[in-house]
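Working through the structure, step by step
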Number of protein chains: 6
Amino acid sequence: MTDTNTLSPLPRVMLEPLVRAALLEDLGRAGDITSDAIIPADLLATTALVVRQPGVVAGLDLAAIAFALIDPNIRMELAVRDGTKVSPGQVLATISGPGRGILTAERTALNFLCHLSGVATGTASIVSSIAGHKARVVCTRKTMPGLRSVQKYAVRAGGGSNHRFGLDDAVLIKDNHIAIAGGIATAVARARAGTGHMVKIEVEVDTLAQLEEVMRLGVDAVLLDNMSPAMLREAVGIIDGRAIAEASGRITPQTAPAVAEAGVDLISVGWLTHSSAVLDIGMDYGRLG
Amino acid sequence: MTDTNTLSPLPRVMLEPLVRAALLEDLGRAGDITSDAIIPADLLATTALVVRQPGVVAGLDLAAIAFALIDPNIRMELAVRDGTKVSPGQVLATISGPGRGILTAERTALNFLCHLSGVATGTASIVSSIAGHKARVVCTRKTMPGLRSVQKYAVRAGGGSNHRFGLDDAVLIKDNHIAIAGGIATAVARARAGTGHMVKIEVEVDTLAQLEEVMRLGVDAVLLDNMSPAMLREAVGIIDGRAIAEASGRITPQTAPAVAEAGVDLISVGWLTHSSAVLDIGMDYGRLG
Amino acid sequence: MTDTNTLSPLPRVMLEPLVRAALLEDLGRAGDITSDAIIPADLLATTALVVRQPGVVAGLDLAAIAFALIDPNIRMELAVRDGTKVSPGQVLATISGPGRGILTAERTALNFLCHLSGVATGTASIVSSIAGHKARVVCTRKTMPGLRSVQKYAVRAGGGSNHRFGLDDAVLIKDNHIAIAGGIATAVARARAGTGHMVKIEVEVDTLAQLEEVMRLGVDAVLLDNMSPAMLREAVGIIDGRAIAEASGRITPQTAPAVAEAGVDLISVGWLTHSSAVLDIGMDYGRLG
Amino acid sequence: MTDTNTLSPLPRVMLEPLVRAALLEDLGRAGDITSDAIIPADLLATTALVVRQPGVVAGLDLAAIAFALIDPNIRMELAVRDGTKVSPGQVLATISGPGRGILTAERTALNFLCHLSGVATGTASIVSSIAGHKARVVCTRKTMPGLRSVQKYAVRAGGGSNHRFGLDDAVLIKDNHIAIAGGIATAVARARAGTGHMVKIEVEVDTLAQLEEVMRLGVDAVLLDNMSPAMLREAVGIIDGRAIAEASGRITPQTAPAVAEAGVDLISVGWLTHSSAVLDIGMDYGRLG
Amino acid sequence: MTDTNTLSPLPRVMLEPLVRAALLEDLGRAGDITSDAIIPADLLATTALVVRQPGVVAGLDLAAIAFALIDPNIRMELAVRDGTKVSPGQVLATISGPGRGILTAERTALNFLCHLSGVATGTASIVSSIAGHKARVVCTRKTMPGLRSVQKYAVRAGGGSNHRFGLDDAVLIKDNHIAIAGGIATAVARARAGTGHMVKIEVEVDTLAQLEEVMRLGVDAVLLDNMSPAMLREAVGIIDGRAIAEASGRITPQTAPAVAEAGVDLISVGWLTHSSAVLDIGMDYGRLG
Amino acid sequence: MTDTNTLSPLPRVMLEPLVRAALLEDLGRAGDITSDAIIPADLLATTALVVRQPGVVAGLDLAAIAFALIDPNIRMELAVRDGTKVSPGQVLATISGPGRGILTAERTALNFLCHLSGVATGTASIVSSIAGHKARVVCTRKTMPGLRSVQKYAVRAGGGSNHRFGLDDAVLIKDNHIAIAGGIATAVARARAGTGHMVKIEVEVDTLAQLEEVMRLGVDAVLLDNMSPAMLREAVGIIDGRAIAEASGRITPQTAPAVAEAGVDLISVGWLTHSSAVLDIGMDYGRLG
């Protein structure tokens with residue numbers, strides 16, 4: 001989890017288009033034909049979002065927008081905020097208003113909430129596995145198409161930090177770039193000449209020889225790819241605080257402590273956003289009507 | 001995997017908007033500043049999409065659209081088709097053309113391809129676990145917001161079948177609907193009166209008593225929720241071919257065989273679309289230029 | 001008309017994009033230059049939507065959204081609900097608020113309301129022509145591009161029911177499909193293998209011989225195309241309750257009774273959505289300002 | 001019909017968004033499940049668009065875009081152009097290419113083509129009813145939401161002309177504007193002061209007294225609403241060529257000759273765009289494969 | 001400036017999409033990372049929009065929408081209305097509410113407001129330079145892509161008037177059209193035959209000989225391109241009130257008086273919309289929190 | 001101008017939506033009624049984009065897309081590339097194909113090209129005024145709503161560099177942030193804790209005392225706001241290479257040399273994107289047909 005006081009929500013203007021699209025995807029051309037046929041229009045209901053696994057919650061704003069877009073008379077009262085560590089059975093929010101609308105919006109609300117809470121929970125698990133070390137956990141550009149902004153937000157909710165948001169906000173020079181440029185020095189020089197002063201430059205290295213060459217060029221960060229903890233420790237020694245040291249390569253909560261122990265500044269983890277399992281959250285309808 | 005001869009691709013008019021949005025999400029406001037700075041505009045490259053894990057592939061059309069939208073001069077030649085069972089090291093496609101554009105589109109192409117191949121692979125694993133049984137594996141509405149059409153397609157690529165695509169294409173009466181209606185009979189009657197003749201009606205039941213009541217009402221399908229294999233077998237006996245028997249409730253490749261053995265027609269599995277891990281697919285740049 | 005208590009409105013999230021687009025189409029690049037020049041900004045007005053022909057009303061929600069989007073200070077109070085049978089001179093709603101905005105939104109509101117009420121009225125006319133028979137009236141996919149969801153809703157408002165909403169929610173095997181497949185049995189087998197368990201299968205037949213072949217295959221519904229009432233009666237006898245019997249082919253309020261008399265379950269009518277005339281509804285400005 | 005040499009097609013950039021939206025509306029979330037299951041992917045077909053009623057055709061470009069968007073390998077060869085008067089059995093175009101795609105796009109193509117040809121045919125019927133008179137037939141803003149541009153185009157294809165395209169391209173002062181302004185002179189003065197020099201001003205009048213007042217103000221056009229042919233003739237005499245004389249009010253092919261005979265310049269007809277029936281056009285599949 | 005009582009605001013349905021797009025362009029994928037990190041979520045602030053140069057204001061509605069879309073709890077109280085002549089130091093509006101949201105929306109609000117006020121100010125400067133003459137100042141189609149509606153509105157706010165809004169609302173025959181048609185008479189005849197009765201026709205002329213030919217054809221307006229004041233005066237004499245006389249060609253506040261003196265009806269000025277400098281408007285945060 | 005070999009074009013997927021929107025804005029609901037009426041559909045034309053002022057060109061891709069979207073048969077052959085310094089009379093490109101489409105697309109193509117070339121030209125003027133100094137010229141977030149990506153590109157074409165693209169890609173701490181945080185140190189600490197490792201932090205300072213405090217905090221860049229050249233020189237001495245020194249505050253080609261002389265790394269200039277005048281570029285139609 002994160003400090004819920006410092007986690008900033010994304011503005012609604014960023015979230016609403018995602019929720020509108022998701023609702024329309026579910027409503028199709030005829031809407032919720034089951035609830036429309038069975039639930040009286042004037043029936044009021046109160047229900048609760050309840051978590052069924054331990055984890056960290058993220059996405060409550062998106063859930064709230066889903067209910068509000070279906071029926072502005074539905075009220076969702078939060079019991080916790082995004083970033084909170086929660087326990088099975090804990091109520092995240094109560095929802096009250098027209099029962100038909102609540103049932104119609106339920107799945108869309110849960111699809112956002114369960115997925116993003118899954119991302120936050122996965123992040124928190126790896127963050128807590130390296131507690132006491134200075135390393136931050138960061139996510140990558142390996143995200144679900146269309147959901148990058150909110151997945152990156154969920155990583156922050158889980159206590160992680162964000163790497164690049166896209167191809168345009170930082171330079172990351174990979175092996176192919178170097179091969180084409182004909183060497184690290186040329187690649188870095190071109191990147192420095194071709195980008196603005198607010199853009200950081202990071203270079204991916206596979207060997208310590210490459211790393212030493214990179215350090216002579218004065219870049220902002222180095223991506224140490226698929227190195228063993230021992231090699232990482234040696235790399236950190238070479239870098240010696242002159243650049244951000246980032247470890248990468250299929251790191252899990254099991255392998256993370258050794259990586260962190262090596263002294264890196266960052267551990268980047270792709271599965272947070274491309275392979276997290278959902279956090280199980282459901283709706284408990286105590287009494288409808 | 002599925003029979004690749006019977007798997008129909010989705011029309012490009014359905015896929016292109018997803019790929020455009022994903023590319024713009026990654027390009028941001030300045031585009032691929034790394035490749036633009038380092039890769040000469042006239043450099044040609046040939047590369048290959050290579051799979052690194054055993055699995056079933058899905059999403060090659062989306063990858064191809066990503067490359068084509070970035071640069072129409074990029075050519076992607078398929079070595080396999082969606083639905084193919086693949087082995088580590090196997091080439092899925094070769095991509096040739098302007099190297100800068102290939103690098104720019106790479107992550108978006110892979111984000112679709114790795115995720116959807118993950119969904120197909122997960123589906124295939126559970127499908128093969130019940131080989132020899134009549135049961136089909138189906139997915140649910142627990143999908144990633146915005147990606148339902150392509151995730152459902154990936155399930156088909158993995159040899160599964162699709163349940164409802166949304167709230168509007170079939171009736172699924174759950175416990176809350178029944179509670180509000182004041183009984184199963186009323187709920188079914190309202191659903192039948194309120195929907196069209198091409199809409200099937202399914203009812204969720206938790207007990208065999210409920211099941212017997214439902215069978216007297218003549219519905220199209222019954223969702224047997226969270227029942228043990230023994231209870232499922234008893235349920236199948238009660239249904240006796242008069243409706244489709246669907247089993248549901250956290251079914252995994254481990255538990256699926258017993259469920260299938262019970263004689264159900266369908267096994268519905270939420271995690272295929274909400275919690276599948278990616279299939280590891282990468283780009284191998286043999287020689288750039 | 002329909003039972004207005006059972007007609008469910010479509011969620012605003014489905015309707016609002018249609019109304020926004022229609023308003024922008026009418027406002028163009030300069031807005032309502034006539035009212036802007038002539039009507040003082042602070043003038044308040046009260047007006048009424050009045051129907052000038054007997055019919056059934058549909059589309060009041062769309063009209064209300066049109067006024068609200070132009071000026072949230074405009075209030076529209078409904079006197080009737082969609083699905084109501086109305087008489088010439090009857091007030092459907094009163095509208096009060098800034099006069100300029102009312103005049104600006106008027107045509108867009110009426111374009112939706114008059115057209116959809118026309119669809120509902122056309123539907124009601126054919127529904128009432130077969131009163132006492134079991135047959136339901138259904139519409140087709142022959143709809144105005146972009147308006148399918150609301151036209152199908154208007155059919156429901158008129159007491160009709162809906163056939164397929166698109167190419168994806170049911171199988172309808174036509175003569176061309178059969179010809180290509182090389183026979184009805186093959187076509188049905190492929191359809192059954194290729195689609196999910198919640199999808200119904202209907203086959204179009206022109207002759208009783210075809211019908212008998214289809215009945216041996218156990219499909220959900222049969223489309224009896226362009227058959228005489230006598231032939232329809234014979235077909236119904238062959239079907240004998242084993243599938244839904246649907247009659248199709250230029251059926252009008254004049255010819256519908258004989259078709260219904262033949263005992264079919266459904267009468268499908270394309271002109272409801274492609275050729276309905278508007279219901280004449282206008283605005284009566286008693287006093288402006 | 002119109003002179004097909006002078007009818008200009010609308011640019012594809014205006015048409016394509018309409019066709020994309022219509023295709024997606026029909027494809028839903030799973031595409032054409034019937035054709036996908038039954039039609040082999042490599043089957044080629046040739047078919048023809050054939051008209052079944054006398055009429056005037058409009059919308060061939062939209063049909064062509066529908067086929068091309070579904071599959072760029074489908075070729076549509078035009079036998080006639082929009083604006084052509086056609087007879088039952090006449091081939092409008094031949095379509096050849098992958099049979100599956102042709103079947104998938106067929107309904108969307110026909111929905112545009114049949115509706116717009118219906119508008120063109122309705123227009124042509126009233127235009128021909130007044131042949132020999134100087135009056136032009138014009139349409140109104142009573143259009144199908146979202147389809148105004150193409151409906152107005154269809155009116156041109158039918159030999160008609162266009163009135164305002166929206167609220168912003170001309171001033172039309174109606175009775176309510178006059179009542180609020182406190183008189184015709186004030187309303188016209190405000191309109192003239194408040195709009196640009198390329199904007200024409202038209203005033204609606206119900207009586208000859210109003211007409212005489214309007215003529216003293218020097219407007220561009222006068223809308224003579226719901227006047228008898230005799231009164232129209234008198235009005236035309238008062239106007240005496242100093243403004244465009246437009247007759248309005250439920251004019252049909254039956255009543256149009258008398259209206260035209262009265263000497264008006266324009267006859268405006270709402271039903272062309274809000275209540276036209278389709279022109280019956282179908283696909284004839286001679287041989288598929 | 002204009003008479004602020006007669007300047008009509010554009011409906012919010014036209015403005016909101018522009019503001020949403022501008023906010024998303026600025027928020028990117030992570031939002032306002034500076035304010036989110038530094039400004040406490042519950043801090044309230046009051047600030048003012050203050051003008052720093054003399055000018056005419058336009059765009060306050062767009063600014064208000066920007067703040068409201070970021071946080072509906074932000075209130076913006078107008079001190080002046082669009083079209084007001086303002087002095088350095090004058091407060092245009094006060095803004096109060098959550099400080100974080102105010103800072104986030106500030107730049108987008110100012111980008112609209114400063115640009116449109118710049119357009120209004122430029123317009124007012126040329127309008128006032130010809131005070132006492134009958135000529136109106138009009139803008140052209142040389143606008144910033146995507147901003148035409150609001151730029152044209154800003155011209156009205158500055159006391160100017162609008163020429164065509166696009167290619168479709170009036171005919172403007174230029175030299176190329178004439179050359180292709182083979183003469184002015186043919187071009188005008190084709191235009192008259194090909195367009196509706198509510199469309200005005202204007203012809204561009206370079207010489208007095210052309211002008212005399214045009215006047216014989218009875219067009220609505222004549223564009224006198226790049227003529228000297230003396231030649232313009234002669235042209236006005238030839239026109240003699242039979243058409244609108246419009247002068248065009250790099251007219252500035254310095255050259256405008258002589259042009260107006262020549263007696264033209266309109267002076268059209270491209271730089272109002274393509275090259276206006278901003279009006280300097282800033283936010284003064286007296287006290288935050 | 002810039003080195004045209006290093007200026008990378010933006011991918012078409014980023015540009016096309018802008019051009020589509022601009023074309024639709026100009027085409028309105030009826031298209032180019034003048035050209036449609038006058039220019040024969042089969043007339044071919046050849047024309048040239050010719051510059052009429054000295055400057056630097058930018059936006060040729062956008063112009064090419066405009067012509068191609070109106071008619072794919074129009075060919076545009078570039079004579080120069082974006083970033084080229086051009087002289088009056090120089091041909092930028094020749095355009096050939098259907099004359100009607102060329103005329104229809106002309107204004108949209110020119111609106112992009114003239115504006116962006118104006119931005120590039122303004123940038124080049126200030127860049128050349130400081131030739132020989134190390135300072136780079138950068139633009140700001142004071143951009144035309146909706147055009148930020150292409151304006152920033154035009155700045156690069158003019159030889160400038162880019163500052164932040166939005167609120168999310170770098171931290172810029174201004175006086176208000178500092179005041180609210182209760183001091184520079186707190187503000188910087190919060191920013192560092194709240195943002196990712198690839199994000200640079202810049203702080204705005206008005207005094208040298210503030211600057212000294214900031215330098216003790218180790219930020220990436222300092223914005224020296226509204227300082228005299230003498231004060232800037234002193235500031236550069238204090239910074240002493242430990243951070244990027246950026247000068248800001250109404251800098252013009254006249255004042256820029258003294259600012260550059262002071263030794264700053266960057267000169268940021270708002271008017272490049274908010275107040276540049278167009279570069280005059282026109283179409284020369286040698287012979288049409």
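Refer to the structure presented above.
Presented here is a report on the structure given in the accompanying data block. The residue count restarts for each chain, going from 1 along the sequence in the order it is written. Just so you know, chain letters begin at A and ligand numbers begin at 1, following the order they were written in. At least 70 in pLDDT is required for a residue's local features to be given in this predicted model, at least 80 for side-chain atom pairs to be given and counted, and no such filter applies to totals for whole chains, interfaces and linings, which use all residues. Note: side-chain values were computed over all heavy atoms of the structure, leaving out hydrogens and water.

**A few points about the packing of aromatic side chains**
Classification of ring pairs uses Phe, Tyr and Trp, with its six-membered ring standing for Trp, and accepts pairs whose centres are within 6.5 Å; under 30 degrees between planes counts as stacked, over 60 as edge-to-face, and the remaining range as tilted. For the structure shown, the criterion picks out zero aromatic pairs over all chains. Throughout this description, the term charge over a ring refers to an Arg CZ or Lys NZ atom that lies within 6 Å of the ring centre and within 35 degrees of the ring normal. A cation sits over an aromatic face here: Lys152(D) above Phe165(D), 5.1 Å from the ring centre.

**Examining the pattern of salt bridges**
Any Lys or Arg side-chain nitrogen found within 4 Å of a carboxyl oxygen on Asp or Glu counts as a salt bridge. Scanning the model with the defined rule gives 72 salt bridges over all chains in all. Across the pair Asp26(C) and Arg148(D) runs a salt bridge, and its minimum N-O distance is 2.5 Å. Of this pair, Asp26(C) sits in helix H1 (residues 12–27) while Arg148(D) is found in helix H5 (residues 148–157), placing the two residues in two different chains. Of the two residues, Asp26(C) and Arg148(D), both sit in the buried class. With its nearest N and O atoms 3.7 Å apart, the salt bridge here joins Glu77(D) to Arg75(D). Exposure is judged per residue with a 1.4 Å probe applied to protein chains only, and the accessible area is read against the type maximum: over 50% gives exposed, under 20% gives buried, and values in between give partly exposed. Overall, the relative accessible area of 55% leaves Arg75(D) in the exposed class. Connected via shared salt-bridge partners are Arg12(A), Glu16(A), Arg20(A), Arg12(C), Glu16(C), Arg20(C), Arg12(E), Glu16(E) and Arg20(E). To qualify as a helix, a DSSP run of H or I must reach at least 4 residues; to qualify as a strand, a run of E must reach at least 2; elements of each kind are numbered from the N terminus.

**Quick look at the relation of the copies chain D and chain F**
Least-squares superposition of the copies uses the C-alpha atoms of those residues scoring a pLDDT of at least 70 in each of them. For the pair chain D and chain F, the relating rotation is 120°, the translation along its axis is 0.1 Å, and the fit reaches an RMSD of 0.0 Å. Here the two chains are linked by the operation of a three-fold rotation axis. Scanning chain D for the C-alpha nearest the rotation axis identifies Pro17(D), at a separation of 6.9 Å.

**A look at the packing of helix H1 (residues 12–27) of chain A against H1(C)**
The relative placement of two packed helices is expressed as an angle between their axes plus a distance between the axes. Their axes nearest at 10 Å, the elements H1(A) and H1(C) cross at an angle of 110°. As summarised for this structure, H1(A) and H1(C) are arranged roughly perpendicular, according to the angle between their axes. Contacts between H1(A) and H1(C) involve Arg20(A), Leu23(A), Leu24(A) and Leu27(A) from the first element and Val13(C), Met14(C) and Glu16(C) from the second. Grouping the constituent residues of the contact of H1(A) with H1(C) by class yields five nonpolar, no polar and two charged. Angles here are taken between N-to-C directions and fall from 0 to 180 degrees, while the axes themselves are lines fitted to C-alpha atoms, restricted in helices to the stretch in contact. Convention used here: angles under 35 degrees read as roughly parallel, angles over 145 as roughly antiparallel, angles from 65 to 115 as roughly perpendicular, and any remaining angle as oblique. It only takes one pair of heavy atoms within 4.5 Å for two residues to be counted as in contact. Amino acid classes used here: Ala, Val, Leu, Ile, Met, Phe, Trp, Tyr, Cys and Pro are nonpolar; Asp, Glu, Lys and Arg are charged; the rest, including Gly, are polar.

**Things to note about helix H9 (residues 229–239) of chain C**
Count 3.6 residues to each turn of an α-helix, and residues three or four apart come out pointing the same way. Residue and element names in this part refer to chain C. Inspection of H9 places Leu 232, Ala 235, Val 236, Ile 238 and Ile 239 among the buried residues, and these make up the whole buried set. Summarising the axial view, the buried residues of H9 lie within an arc of 160°, below the 170-degree limit, and thus occupy one face. On the buried face of H9, the contacting elements are helix H8 (208–217), strand S10 (221–225), strand S11 (244–248) and helix H10 (256–261). Just past H9, the residue Asp 240 takes up positive phi, approximately 55°. In this description, one arc is meant: the one made by directions from the helix axis to the C-beta atoms.

**Observations regarding the nonpolar core**
If you look at the biggest cluster of nonpolar residues, it comprises 627 residues, and the most contacted ones within it are Leu224(A), Leu224(B), Leu224(C), Leu224(D), Leu224(E) and Leu224(F). Apart from residues lying up to four places away in sequence, Leu224(A) is in contact with Val205(A), Leu211(A), Leu232(A), Ala235(A), Ile239(A), Ala245(A), Glu246(A), Ala247(A), Ser248(A) and Val264(A). The nonpolar core is taken to be a set of buried Ala, Val, Leu, Ile, Met, Phe, Trp, Tyr and Cys residues, with the residues joined through side-chain atoms within 4.5 Å.

**Observations regarding the sheet that holds strand S9 (residues 201–205) of chain C**
Residue and element names in this part refer to chain C. A sheet is described by the order of its strands in space; here seven strands give the open sequence S7-S6-S12-S11-S10-S9-S8, paired in parallel fashion. The strands lining the two open edges of the sheet, one partner per strand, are strand S7 (161–162) and strand S8 (171–173). For S9 and S10, the ladder comprises four bridges, and the chain directions are parallel. Bridge pairing in S10 places Glu 202 opposite Ala 221. In this analysis, strands are considered paired if DSSP registers two or more bridges between them.

**Side note on the relation of the copies chain A and chain B**
When chain A is fitted to chain B, the best match, at an RMSD of 0.0 Å, comes from turning it 180° and sliding it 0.0 Å along the axis. Such a combination of rotation and displacement between the chain copies is what one expects of a two-fold axis. Comparing interface residues between copies, 100% of those in chain A also sit at the interface in chain B, which points to an isologous, same-surface contact.

**Structural notes on the interface of chain D and chain F**
If you look at the interface, chain D gives 13 residues, while chain F gives twelve residues. Here the quantity called buried area is the total loss of accessible area, with a 1.4 Å probe, experienced by two parts when brought into contact, counted for both. Ranking the residues of chain D by area buried against chain F places Val13(D), Met14(D) and Phe165(D) at the top, with a combined share of 46%. Counting across the interface, chain D meets chain F through two salt bridges. Two N or O atoms form a polar contact when they lie within 3.5 Å of each other; inside protein one atom must be a possible hydrogen donor and the other a possible acceptor, and for residues adjacent in sequence the pair counts only when both atoms belong to side chains. Counting the contacts that link chain D with chain F gives four residue pairs in polar contact (both at pLDDT 80 or more).

**With respect to the interface of chain A and chain B**
At the interface, 62 residues of chain A touch 62 residues of chain B. Area buried by chain A at its contact with chain B is led by Ile38(A), Leu167(A) and Ile180(A), which between them contribute 14% of it. One can count six salt bridges joining chain A with chain B. Arg141(B) is the salt-bridge partner of Asp26(A), the closest N and O atoms lying 2.6 Å from each other. Our count for the chain A to chain B interface comes out at 34 residue pairs in polar contact (both at pLDDT 80 or more). Secondary structure elements with two or more residues in the side of chain A that touches chain B: H1, helix H2 (33–38), helix H4 (99–129), helix H5 (148–157), strand S8 (171–173), helix H6 (175–181), helix H7 (184–194) and strand S13 (281–288) of chain A. If one sorts the elements of the side of chain A that touches chain B by residue count, H4(A) sits on top with six residues.

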